[in-house]
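Topology and contacts: notes
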Amino acid sequence: MSLFLINRYLGDEDDNIQSTSESRSKALLTKLQEQARVRQQLQASAKQEELETTGDPPGTRPKRHRDEEAATNEREPKKKRKRKADQSLGDESLSVETTKVEDSLPSKKKKKKKEKPEEKIKESLVKKKQKQKASTPETTEELVDEEEEEKDDEDGIKGTEEHPEQLSSSDQKMSDSGFTILGGFESKPVQKVQMVLPQWLAKPDMVQRDISQNLVPISEVQGICPHLLKKLDSNGIQHFFPVQTEVIPAVLEGVSNGLLVGRGGYRPRDICVSAPTGSGKTLAFVVPVVQALLKRVLCEVRVLVVLPTKELAQQVGKVFHSYVEGTSLKVVMLIGQKSLAAEQASLLEQSGSRYRSLADIVVATPGRLVDHINMTSGFSLQHLRFLVIDEADRMIDSMHQSWLSQVTKAVYSRSDGSSVFGRKEPGPITALSMLQPQTPLQKLLFSATLTQNPEKLQQLGLYRPRLFSSAHRGPASDNDSAQPEEKFIFPPGLTEFYVPCTLSKKPLLILHFILHLKFSPVLCFTNSREAAHRLCVLVQLFGGVQVAEFSSQLSPSERKRALKGFEQGKIQLLISTDAAARGIDLVGVKYVINYDAPQFIRTYVHRVGRTARAGKAGLAFTFLLGIQEKRFLQMLSDAGSPGIQKQIIKPENLKAMESQYERTLLELKKVIKDERAKKKQI
Ligand SMILES: Nc1ncnc2c1ncn2[C@@H]1O[C@H](COP(=O)(O)OP(=O)(O)OP(=O)(O)O)[C@@H](O)[C@H]1O
């Protein structure tokens with residue numbers, strides 16, 4: 001419209017398009033002024049004529065008229081005034097002409113060409129007004145208002161997002177057109193992801209950690225049969241430890257209606273137990289599963305206990321044997337101690353083409369178990385009711401061996417063809433599934449350092465798990481990065497020390513503890529088999545100490561002999577790798593010495609847990625090099641250690657042994673060299 005206006009007043013469209021908007025405005029103003037002057041002259045001459053006829057003073061009426069107009073302008077809204085002004089400049093013809101000009105230009109350019117002159121005209125008008133009337137604020141305001149309105153229109157969608165009350169009408173429009181607004185693309189502040197544990201992990205059934213303060217007489221724990229009460233008593237157990245008081249009834253609850261269905265006819269929940277070292281977790285599963293099997297009719301493998309090492313499996317097997325004694329229940333070990341054929345013979349009896357199980361309870365290491373699943377014909381796990389996973393966190397780490405999936409496959413296989421209604425992997429509970437009850441498989445997990453990492457636990461395929469725990473996870477703080485620290489509970493009777501030392505002084509320190517401080521029996525841990533062997537030979541050569549070593553380098557019989565001698569008090573110092581760090585229950589260990597500091601907190605917890613067992617007292621010493629101190633102490637404090645004390649051994653206390661020690665070192669060199677030569681010959 002404005003463009004047409006300019007053209008009209010200048011009279012030449014082409015020139016107008018090429019000229020700058022400023023010159024056009026000036027020209028326009030000049031022309032307007034000229035016309036006004038002409039009009040005024042005409043009016044003046046007309047007034048003169050009128051005056052000559054009416055007698056009014058010259059210029060009176062036009063001024064009053066202008067004042068009235070100004071007053072009217074002030075009362076009227078700004079937009080209305082603007083429209084009025086436009087109309088006064090010939091609105092109708094303008095619209096037609098403008099369309100023509102716009103049509104000849106690309107849309108964006110068109111808009112610019114259209115807007116710029118208009119704005120310039122406004123500006124020049126404003127300037128003129130400023131000069132004439134000093135009414136600048138009003139005009140500026142008007143322009144600003146208009147700019148803001150335009151902006152609002154341009155940002156229409158954004159505006160809709162910011163004002164929810166406008167959203168509905170906007171949505172309405174969009175839905176009318178068949179489109180839905182999904183959302184904007186503005187950057188929004190990223191919310192911090194909060195770690196949320198599953199309920200069963202976050203809120204476990206608490207197990208008291210202090211054994212001596214929380215003993216419960218065995219007769220007070222509900223549901224234990226007279227046979228087992230008698231057996232417990234004859235094994236010297238008059239009281240249950242806290243973990244046993246909690247876990248035994250929970251497992252028994254699942255077999256209160258027999259082996260086929262859990263409480264209320266439903267599948268029993270899996271059970272996870274995290275309790276300190278030496279707190280009696282073994283009996284917490286031995287007692288209830290033996291009781292569950294006491295009334296069984298046919299001998300089938302109904303309990304499978306999986307442990308990471310032979311020694312541990314033997315230890316647990318021993319406990320089972322003592323509790324099934326006097327019953328018809330059979331315990332079989334599959335740990336590679338005997339040949340595969342010998343183990344097969346203890347497992348099954350063959351009559352024709354049929355096999356009969358000779359085992360109710362199988363205690364196994366994962367590797368040997370998988371061997372039997374794959375190679376022993378007739379070995380069936382289809383009646384398995386309990387899968388016990390001891391040292392569960394370690395067993396999860398060995399999951400890459402896929403022993404669990406092999407077990408699960410064996411449990412739900414129908415290879416023996418005994419029934420069309422063979423055992424099926426449980427699915428959702430339906431009316432049909434309730435009509436065909438089948439033995440449920442219940443998992444029982446035990447560890448002193450059970451992981452609370454849900455991703456790791458997920459690998460076990462737990463069913464509505466229930467956690468019994470003495471430990472708790474530390475609260476997530478703002479500084480927690482990926483995962484909050486896991487806390488462990490140490491046995492209450494344990495006192496921890498660290499001994500600052502140098503590498504060369506370590507053997508002297510061990511000798512000082514045993515020969516001068518009379519520490520005995522001492523279980524000492526090294527980080528490698530070589531270190532254990534060298535230290536053992538060195539102490540033997542030094543003399544005065546009954547010493548033995550324990551590592552996977554030794555034969556099973558040598559290892560057994562070492563453990564037996566140590567338990568019987570014939571060996572003062574047992575030097576071991578981490579082979580004896582987990583689960584091994586060596587009664588009467590008073591001192592644990594970490595000759596080499598463990599790298600991981602779990603290793604530390606299990607090593608020091610070989611003492612202060614079953615509510616007794618024990619001392620743990622860790623030799624620390626200067627470079628290890630800071631990290632190690634931090635690791636312990638993060639894990640919730642109640643506190644470790646510094647024990648300084650003065651160099652003068654070691655001085656007396658130094659010359660003999662130097663001689664022994666030379667001997668040691670020779671012995672090791674001879675051993676290597678012998679090995680090469682073999
Ligand atoms: N109720 C009890 N009364 C007396 N002694 C018990 C009782 N329960 C267990 N014990 C003894 O406590 C010791 C530790 O038990 P156990 O080996 O089961 O501990 P644990 O919790 O499995 O330890 P770890 O985590 O180190 O394997 C064993 O010597 C065991 O005989």
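Residues numbered from 1 in each chain as written. Predicted model: local features only at pLDDT ≥ 70, side-chain atom pairs only at ≥ 80, totals over all residues. Heavy atoms only, no water.

**Some words on the overall build of the protein chain**
Cut-off, in case you're wondering: Here a strand is any run of E in DSSP of at least two residues, a helix any run of H or I of at least four, and the numbering for each starts at the N terminus. For each residue, the accessible area found with a 1.4 Å probe, counting protein chains only, is set against the maximum for its type, and the residue is called buried under 20%, exposed over 50%, and partly exposed in between. We get accessible surface area from the Shrake-Rupley algorithm with a probe of 1.4 Å; when it comes to residues, only the shown protein chains can shield them.
The number of helices and strands found in the protein chain is 27 helices and 19 strands. For the protein chain, the proportion of its 682 residues judged to be buried stands at 41%. For the protein chain, the exposed area adds up to about 38,900 Å²; of that, 52% sits on carbon and sulfur atoms.

**So, the site of the ligand**
What counts is decided by this rule: The criterion for a residue being near a molecule or strand is simple. One of its heavy atoms has to lie within 4 Å of it. For the purposes of these results, a polar contact is taken to be a pair of N or O atoms within 3.5 Å, where, inside protein, one atom must be able to donate a hydrogen and its partner to accept one; residues adjacent in sequence count only when each atom of the pair is a side-chain atom. Under the grouping applied here, Gly and all other residues not named as nonpolar or charged are polar, the nonpolar ones being Ala, Val, Leu, Ile, Met, Phe, Trp, Tyr, Cys and Pro and the charged ones Asp, Glu, Lys and Arg.
Neighbouring residues of the ligand: 20 residues in total, closest His239, Lys281, Thr282, Asp585 and Arg613. In the model, an oxygen atom of the ligand is placed 3.1 Å from a nitrogen or oxygen of the serine 279 main chain. Interatomic distance of 3.1 Å between a backbone N/O atom of glycine 280 and an oxygen atom of the ligand. Contact with the protein chains hides 82% of the accessible area of the ligand, taken as 630 Å² for the molecule alone. Secondary structure elements with two or more residues in the shell around the ligand: β3 (239-240) and α14 (281-293). At 3 residues, the largest contribution of residues to the shell around the ligand is made by α14. When grouped by side-chain class, the residues that make up the shell around the ligand number 7 nonpolar, 8 polar and 5 charged.

**Some details on the environment of valine 251**
Threshold: Here, residues are in contact when the closest pair of their heavy atoms is within 4.5 Å.
Along the chain, valine 251 falls in helix α13 (residues 242-253). Taking relative accessible area as the criterion, valine 251 reaches 0% and is therefore assigned buried. Sequence-wise, valine 251 and alanine 284 are 33 residues apart; in three dimensions their C-alpha atoms are separated by 9.0 Å. Beyond its immediate stretch of four places on either side in the chain, valine 251 contacts Ile271, Pro288, Phe386 and Leu444.

**Comments concerning the packing of aromatic side chains**
Heads up, the rule is: Ring pairs shown here join Phe, Tyr and Trp side chains whose ring centres sit within 6.5 Å, with only the six-membered ring taken for Trp; geometry is labelled stacked below 30 degrees between planes, edge-to-face above 60, and tilted in between. The rule for a charge over a ring is simple: NZ of Lys or CZ of Arg within 6 Å of the ring centre, and within 35 degrees of the ring normal.
Under the counting rule described, the total for this entry stands at 11 aromatic pairs. Judged by centre distance (4.9 Å) and plane angle (10 degrees), the rings of phenylalanine 497 and phenylalanine 621 are stacked. In this pair, phenylalanine 497 sits in strand β13 (residues 494-501) while phenylalanine 621 sits in strand β18 (residues 618-625), placing the two residues 124 residues apart along the sequence. The class of phenylalanine 497 is buried, set by a relative accessible area of 10%. A relative accessible area of 4% means that phenylalanine 621 is categorised as buried. Each residue in the set Phe497, Phe513, Phe519, Tyr591, Tyr595, Phe621 and Phe623 is aromatic and connected to the rest through ring pairs, giving one cluster. In this arrangement the basic side chain of arginine 267 is found over the ring face of tyrosine 463, its NZ or CZ atom lying 4.0 Å from the centre. Over the face of the ring belonging to tyrosine 595 we find lysine 506, whose NZ or CZ atom lies 5.3 Å from the ring centre.

**Some details on unusual backbone geometry**
A cis amide bond, omega -10 degrees, links serine 520 with the succeeding residue proline 521. The backbone of arginine 464 sits at a positive phi, close to 35 degrees, despite the residue not being glycine. Positionally, arginine 464 belongs in the loop between α21 (454-458) and β12 (466-469). A relative accessible area of 49% means that arginine 464 is categorised as partly exposed. The phi dihedral of alanine 614 is positive, around 50 degrees, even though this residue is not glycine. On the basis of relative accessibility, which here comes to 33%, the residue alanine 614 falls in the partly exposed class.

**Regarding the domain arrangement of the protein chain**
Where we set the bar: Domain boundaries shown here were taken from an automatic or database domain assignment. Buried area: the accessible area, evaluated with a 1.4 Å probe, that two parts lose upon being put together, summed over both parts. Salt bridge, as applied in this entry: a Lys or Arg side-chain nitrogen positioned within 4 Å of an Asp or Glu carboxyl oxygen.
Here the protein chain is partitioned into domain 1 (202-414 + 439-469) and domain 2 (494-679). Averaged C-alpha coordinates put domain 1 and domain 2 at centres separated by 33 Å. Between domain 1 and domain 2, a total of about 1,400 Å² is buried, with carbon and sulfur atoms accounting for 52% of that surface. Here domain 1 and domain 2 share 4 salt bridges between them. Note that arginine 559 and glutamate 311 form a salt bridge whose closest N and O atoms lie 2.8 Å from each other. Counting residues per element, the ones that place at least two in the side of domain 1 that touches domain 2 are α15 (310-324) and α18 (392-397). The biggest single contributor to the side of domain 1 that touches domain 2 is α15, with 4 residues. Grouping the constituent residues of the side of domain 1 that touches domain 2 by class yields 5 nonpolar, 6 polar and 5 charged.

**With respect to the nonpolar core**
Quick note on the threshold: Each nonpolar core is a collection of buried residues, namely Ala, Val, Leu, Ile, Met, Phe, Trp, Tyr and Cys, held together in the definition by side-chain atoms within 4.5 Å.
Membership of the largest hydrophobic core comes to 49 residues, with the highest contact counts inside it found for Val305, Phe320, Ile361 and Val363. Not counting the four nearest positions on each side in its chain, valine 363 is found in contact with Val305, Leu307, Ala313, Gly317, Phe320, Val331, Val332, Met333, Leu334 and Ile335.

**Observations regarding the pattern of salt bridges**
Opposite charge on two side chains allows them to pair when their charged atoms are near. This structure, assessed with the given rule, holds 15 salt bridges. For arginine 296, the salt bridge identified is with aspartate 360, shortest N-O distance 2.5 Å. With a gap of 64 residues between them, arginine 296 in the loop between α14 and β5 (303-306) and aspartate 360 in the loop between β8 (354-357) and β9 (361-364) connect regions that are remote in the sequence. For the pair arginine 296 and aspartate 360, one class covers both residues: buried. A salt bridge links lysine 670 to aspartate 674; the shortest N-O distance between them is 3.6 Å. On the criterion of helical spacing, the pair formed by lysine 670 and aspartate 674 is a turn pair, its members being 4 residues apart in helix α27 (residues 652-681). Residue lysine 670 is classed as exposed on the basis of its relative accessible area, which comes to 55%. What makes aspartate 674 partly exposed here is its relative accessible area of 41%.

**Concerning a positive patch on the surface**
Rule in force here: Patches were defined on residues exceeding 30% relative accessible area and lacking a salt bridge, with like-charge contacts within 9 Å and nonpolar side-chain contacts (Val, Leu, Ile, Met, Phe, Trp, Tyr) within 5 Å. Residues counted as positive are Lys and Arg, residues counted as negative are Asp and Glu, and His and the chain ends are not counted. To locate a charge, take NZ of a lysine, CZ of an arginine, CG of an aspartate or CD of a glutamate.
Together, Arg529, Arg534, Arg676, Lys679 and Lys680 make up a region of like positive charge exposed at the surface. Elements supplying a minimum of two residues to the positive patch: α23 (529-542) and α27. Among the elements that line the positive patch, the one with the most residues is α27, at 3 residues. Position of lysine 679 relative to the elements: it lies in helix α27. Here lysine 679 falls in the exposed class, since its relative accessible area comes to 58%.

**Observations concerning the state of the cysteines**
Under the convention used in this document: Defined by distance alone, a disulfide is two cysteine sulfur atoms within 2.5 Å.
Under the counting rule described, the total for this entry stands at 0 disulfides. For cysteine 501, which is in no disulfide, the shortest distance to another cysteine sulfur is to cysteine 524 and amounts to 12 Å. Judged by relative accessible area, which is 13%, cysteine 501 ranks as buried.

**Details of the sheet that holds strand β19 (residues 644-646)**
What counts is decided by this rule: Any two strands with at least two DSSP-identified bridges between them are counted as paired. Lines fitted to C-alpha atoms define the axes here, with helix axes fitted over just the stretch in contact, and angles between the N-to-C directions of these axes take values from 0 to 180 degrees.
Taken in spatial order, the 7 strands of this open sheet run β15-β16-β14-β17-β18-β13-β19, and their pairing is parallel. Among the strands making up the open sheet, the edge pair consists of β15 (547-550) and β19. The average angle at which neighbouring strand axes cross in this sheet is 25 degrees, direction not considered. Packing against the sheet, helix α24 (residues 556-567) makes contact with β14 (522-525), β15 and β16 (573-576), and its axis sits at approximately 135 degrees to β15.

**Observations concerning the sheet that holds strand β11 (residues 442-447)**
Strand order across the open sheet formed by 8 strands is β1-β12-β4-β11-β10-β5-β9-β6, with parallel pairing between neighbours. Each end of this open sheet is capped by a strand with a single partner; those strands are β1 (205-206) and β6 (331-334). Docked against the sheet, α13 engages β1, β4 (271-274), β10 (386-390), β11 and β12, running at close to 165 degrees with respect to β12.

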